[in-house]
Amino acid sequence: MTEARRERARHWQYEELPGVDLLRARYIRKSFVRHTHENFVIAAIADGVEVFHHGGGDQYAGAGALALVNPDTPHTGRAGVPEGWQYGAVYPSPEVVAAIAAETTTLRGTPGFVTPVLDDPYTVRMVHQVLRATDEGNALAADTLLRVVVTRLLRLNGGTLPRREVRTAGARTAARARAVLEERMAAPPTLEQLAAGLGTSPFALLRAFRDTYGMPPHTWLTDARVRRARRLLDAGTAPSQAAVAVGFTDQPHLNRHFGRIVGVPPGAYQRERKNVQDARAGAHVPSGTWQRNGQQNARTYGTGPARNPTAPWSGTPSVSASPSDSPGSPSE
């Protein structure tokens, strides 16, 4: 496979943009299972087409469009054309978006995006410029451009998210089931045991959980385990220890599900976090540092605007992760 056709991804943070995750990726065969994010997703498609199931149907985002997902909203992701899709994404936290909305818009309540796809090449270019600014260590540009991106998207496609109130008996049962799964994440009950403990039937619980959270309990549990594993990895826990702590059988089990939800192996994910932690501790991290086969490489990117929204980028090749990141368990 030629260099241009290889799958690559880099998932990182920049110390001067707290509360924001960053991603640059090219995927061809990658398929994301149904999952959620704690942060907003602002994905700027530079090339190809992404298809993601959202809100009961498939959504298509091609070059020059943005895929927009609100926090805790179930969605998937896959290529819509044989050549896959290339994109850059920023994941600002709800707190970051709320603060920007309060300062620059008239939205009241909890701000969010109204539609999941927006055709706006101008903002697509700005998202890639945010990523380029972080590569260059240009904190002023990164912060400024991120605020412009969020403000523009809220003005073009923003609204107030409805409050999630637990009103029905089914929703209350689903919330109780979720609390049990969170508490017993490493050793969860069966569906029958969970339903019996809540005084309902398995199928009634299954329907209530799907209606409330957009996915069945076992899918939600996998998503929650990956979320918790990310926090452990951020705190410096080894991937093998994080896997067992959240209830996966071993590290290959974590690797498989982590890649299907986050898009990079847990080892590469943690190395990027360590770079940020080292920088905060005073260690020097070269501008544009990226990870490839466990080795650091530095790149410098241009600052001028580009005709094509695709910014020069780098990442961890999906097909050449380190041995400890390679899936090794049979599919469930």
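Keep in mind it's a predicted model, so treat the numbers as computed, not measured.

Caption draft 1: Spotlight on the overall build of the protein. For the protein, the helix and strand inventory stands at 10 helices and 14 strands. By residue count, 51% of the 332 residues in the protein fall in the buried class. Put simply, 73% of the contacts in the protein that link residues at least 6 apart link residues at least 24 apart. Roughly 15200 Å² of accessible area belongs to the protein as shown, and the carbon and sulfur atoms make up 51% of that amount.

Caption draft 2: Looking closely at helix H3 (residues 139–157). With 19 residues, H3 extends 27 Å between its outermost C-alpha atoms, agreeing within 8% with the 27 Å of an ideal straight helix rising 1.5 Å per residue. Inspection of H3 places Ala 142, Leu 145, Leu 146, Val 149, Val 150, Thr 151, Leu 153, Leu 154 and Asn 157 among the buried residues, and these make up the whole buried set.

Caption draft 3: Highlighting the pairing of strand S1 (residues 8–13). Of all six residues making up S1, five are buried, and the element is well covered by its neighbours. Two strands pair when backbone bridges link them, and S1 and strand S2 (residues 20–27) are joined in this way by six bridges, in the antiparallel orientation. Bridging from a neighbouring strand, Arg 8 pairs with Arg 26 of S2. A loop of six residues connects S1 with S2, the two strands running antiparallel in sequence, and Gly 19 in this loop sits at a positive phi of about 80°.

Caption draft 4: How the structure looks around the packing of helix H7 (residues 217–234) against helix H8 (residues 239–246). Orientation of H7 relative to H8, taken along the N-to-C sense of each, is 140°, at an axis distance of 9 Å. The pairing of H7 with H8 is recorded here as oblique in orientation. The interaxial crossing formed by H7 with H8 has right-handed handedness. Facing H7, whose interface residues are Arg 225, Arg 228, Ala 229, Leu 232 and Leu 233, H8 presents Pro 239, Ala 242, Ala 245 and Val 246. Taken together, the residues of the contact of H7 with H8 sort by class into seven nonpolar, no polar and two charged.

Caption draft 5: Quick look at the pattern of salt bridges. Across all of its chains, the model carries 13 salt bridges by this definition. One salt bridge in this structure joins Asp 234 and Arg 273, with 3.2 Å as the shortest N-O distance. Separated by 39 residues along the polypeptide, Asp 234 in helix H7 and Arg 273 in helix H10 (residues 266–280) bring together distant segments of the chain. When its relative accessible area of 26% is taken as the criterion, Asp 234 is described as partly exposed.

Caption draft 6: Spotlight on the side chain of Glu 7. Mapping Glu 7 onto the fold places it in the segment before S1. Lacking a salt bridge, the buried Glu 7 has Arg 29 as its closest oppositely charged neighbour, with an N-O distance of 4.6 Å. A polar contact of 2.4 Å, which involves the side chain of Glu 7, links it to the backbone nitrogen of Arg 29. At a separation of 3.0 Å, a polar atom in the side chain of Glu 7 contacts the main-chain amide nitrogen of Lys 30.

Caption draft 7: Looking closely at the nonpolar core. The biggest cluster of nonpolar side chains holds 45 residues, and the ones touching the most others in it are Tyr 27, Trp 85, Tyr 87, Phe 209, Trp 220, Phe 258 and Val 262. It is H7 that provides the largest number of residues to this core, a total of six residues. In this structure Tyr 87 touches Leu 23, Arg 24, Ala 25, Tyr 27, Phe 32, Ala 43, Ala 44, Ile 45, Ala 46 and His 128, once residues within four positions along its chain are discounted.

Caption draft 8: Structural view of the side chain of His 128. In this structure, His 128 sits in helix H2 (residues 121–135). A polar contact of 3.3 Å, which involves the side chain of His 128, links it to the backbone oxygen of Ala 44.

Caption draft 9: Quick look at the packing of helix H4 (residues 169–183) against H7. The contact between H4 and H7 brings their axes to 10 Å, and the two run at 45°. Considering their axes alone, H4 and H7 lie oblique with respect to each other. Considering only the axes of H4 and H7, their crossing is right-handed. Between H4 and H7, the contacting residues are Arg 178, Leu 181 and Glu 182 on the first element and Pro 217, Trp 220, Leu 221 and Arg 228 on the second. A class-by-class count of the residues in the contact of H4 with H7 yields four nonpolar, no polar and three charged.

The rules behind the values
Residues numbered from 1 in each chain as written. Predicted model: local features only at pLDDT ≥ 70, side-chain atom pairs only at ≥ 80, totals over all residues. Heavy atoms only, no water. Helix = DSSP H or I, 4+ residues; strand = E, 2+ residues; numbered from the N terminus. Buried < 20%, exposed > 50% of the residue type's maximum accessible area, 1.4 Å probe, protein only. Contact = heavy atoms within 4.5 Å. Areas by Shrake-Rupley, 256 points an atom, 1.4 Å probe, with all protein chains shown as cover. Expected span 1.5 Å × (residues − 1). Pairing = 2+ DSSP bridges. Axes fitted to C-alpha atoms, helices over the stretch in contact; angles between N-to-C directions. Parallel < 35°, antiparallel > 145°, perpendicular 65-115°, else oblique. Left-handed = near helix turned anticlockwise from the far one by under 90°. Nonpolar A, V, L, I, M, F, W, Y, C, P; charged D, E, K, R; others polar. Salt bridge = Lys/Arg side-chain N within 4 Å of Asp/Glu carboxyl O. Lys, Arg positive; Asp, Glu negative; His and termini not counted. Polar contact = N/O pair within 3.5 Å; in protein donor to acceptor, adjacent residues only side chain to side chain. Core = buried A, V, L, I, M, F, W, Y, C linked by side-chain atoms within 4.5 Å.

What is shown is where atoms sit, not what they do.
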